[in-house]
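# Tertiary structure, described
Below are the chains, spelled out letter by letter.
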Amino acid sequence: MKYTQLGRTGLKVSRLVLGTMNFGPQTDEPTSHGILDAALDAGLNFVDTANVYGWGENKGRTEEIIGTWFAQGGGRREKTVLATKVYGSMSREGETWPNEDRLSALNIRRAVEASLKRLQTDHIDVYQFHHIDRRTPFEEIWQAVDVLIQQGKVLYAGSSNFPGYKIAQANETAARRGMVGLVSEQCLYNLSERRAEMEVIPAAQEYGLGVIPWSPLHGGLLGGVIKKETEGGRRASGRAADALADSKTRAQLQAYEDLLDKHGLEPGEAALAWLLTRPGVTGPIVGPRTAQQLESALRALELELSEEVLAGLDEIFPGPGPSPEAFAW
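For the structure given in this document, a descriptive report is provided here. Computed from a predicted structure; not experimentally measured. (Residues numbered from 1 in each chain as written. Predicted model: local features only at pLDDT ≥ 70, side-chain atom pairs only at ≥ 80, totals over all residues. Heavy atoms only, no water.)

### Some details on the packing of helix α2 (residues 61–70) against helix α4 (residues 105–119)
- Across the interface, α2 lies against α4 with an axial gap of 6 Å and an inter-helix angle of 50°. Here α2 lies oblique to α4, going by the angle between them. Counted together, Glu 63, Glu 64, Ile 66, Gly 67 and Phe 70 of α2 and Ser 115, Arg 118 and Leu 119 of α4 form the full contact between these two elements.
- When grouped by side-chain class, the residues that make up the contact of α2 with α4 number three nonpolar, two polar and three charged. (Axes fitted to C-alpha atoms, helices over the stretch in contact; angles between N-to-C directions. Helix = DSSP H or I, 4+ residues; strand = E, 2+ residues; numbered from the N terminus. Parallel < 35°, antiparallel > 145°, perpendicular 65-115°, else oblique. Contact = heavy atoms within 4.5 Å. Nonpolar A, V, L, I, M, F, W, Y, C, P; charged D, E, K, R; others polar.)

Structure, rendered in structure tokens:
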């Protein structure tokens, strides 16, 4: 396993992040525990979750599954860098009540206590804001986080889905309070979706945040979806099916798969390996539903893409270009 520092911190994390969103809704508890064990055995020490995972009437279920895994002992919690998130409403359908979502000091306090209970731990290593809260000032957010840090319940704070200007605003406010501020940003970033390169990633680099891309295969589109459809009769569904219905997107994906096939590369592994070459990226989040999918993701760590392949990928999936030159002079 390869490790790097999380942004400007002294915290060492693996270059792949184990995403757990499927634990509960698509992957049962025993299988989820098996994936967590396999990841730890491989040296993958960074585990990401969120309080709302489990979804619907089962919000919090994913954190519970991780908690029962920690409860087995064997150094599982001690070896894990644990990240979870706060923002989404934890109210059940028909039971909506004020102050059970967003980033008020009250909700942050309540959400941390609830996550700690479900996770069966006494602290969260990286506590992430799942979205920007346009109603709550950062002065209030940092006041709440400062208390949690002083109590030892949270070590670092991170963001998710923040625009560049909010990263700047958050960390300038934190600096005025003498706080470390955000140390990571979890954003949508992959070969097919490169808009983060325009503002988000430059802001993260400027302020020393580690970039943690989510959906590195863009909902499965970069995992060889056309080849699977042709050879295995496995039809795409959901967002992938909608994208393939667009002739321009389909032609782009066909060129992508043809390029990788020419070089003997597996698409999903190549898409992950590409992210590992990008400036500022700590490690992409992989969300395996099975142990086999985890094994495939781990192989990406050993994959070195040639200059020819990298140039070909840039030609097929051109980025937006630097800011402001991409939209100005």
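### A closer look at the layout of surface pockets
- By volume, the largest pocket amounts to about 1,300 Å³.
- Lining the largest pocket we find 41 residues, and of these Leu 217, Gly 219, Gly 220, Gly 287 and Arg 289 sit closest to its centre.
- Residue assignment for the lining of the largest pocket shows that the elements contributing at least two residues are α8 (225–232), α9 (238–244), α11 (267–276), β10 (285–286) and α12 (291–299).
- Ranked by the residues each element gives to the lining of the largest pocket, the list is headed by α12, at four residues.
- For the lining of the largest pocket, the class distribution of residues is 14 nonpolar, 18 polar and nine charged. (1 Å grid on protein atoms, 1.4 Å probe; cavity = no way out; pocket = protein on both sides within 12 Å on 5 of 7 lines; lining within 4 Å. Points joined across faces, edges and corners; volume = space filled by probe spheres on them.)

### Things to note about the environment of Pro 322
- Tracing the sequence through the fold places Pro 322 in the segment after α13 (307–316).
- Residue classification places Pro 322 among the exposed positions, given a relative accessible area of 52%.
- Taking the C-alpha atoms as reference points, Pro 322 and Gly 67, separated by 255 residues in sequence, lie 42 Å from one another. (Buried < 20%, exposed > 50% of the residue type's maximum accessible area, 1.4 Å probe, protein only.)

### Some details on the nonpolar core
- In terms of nonpolar packing, the biggest core is built from 59 residues, with Phe 129, Trp 142, Tyr 256, Leu 305 and Leu 313 touching the most fellow members.
- Among the elements that take part in this core, helix α5 (residues 138–151) stands out by supplying six residues, more than any other.
- Among residues more than four places away in sequence, those in contact with Leu 313 are Leu 191, Tyr 256, Leu 259, Leu 260, Trp 274 and Leu 305.
- Ranked by size, the runner-up nonpolar core spans 23 residues in total, among them Leu 16, Phe 70, Leu 294 and Ala 297. (Core = buried A, V, L, I, M, F, W, Y, C linked by side-chain atoms within 4.5 Å.)

### Considering the packing of helix α10 (residues 247–262) against α13
- It is at 10 Å that the axes of α10 and α13 come closest, and there the two elements cross at 175°. On the basis of the axis angle, α10 is roughly antiparallel to α13. Contacts between α10 and α13 involve Gln 252, Ala 255, Tyr 256, Leu 259, Leu 260 and Lys 262 on the former and, on the latter, Glu 308, Val 309, Gly 312, Leu 313 and Ile 316.
- For the contact of α10 with α13, the per-class residue count stands at seven nonpolar, two polar and two charged.

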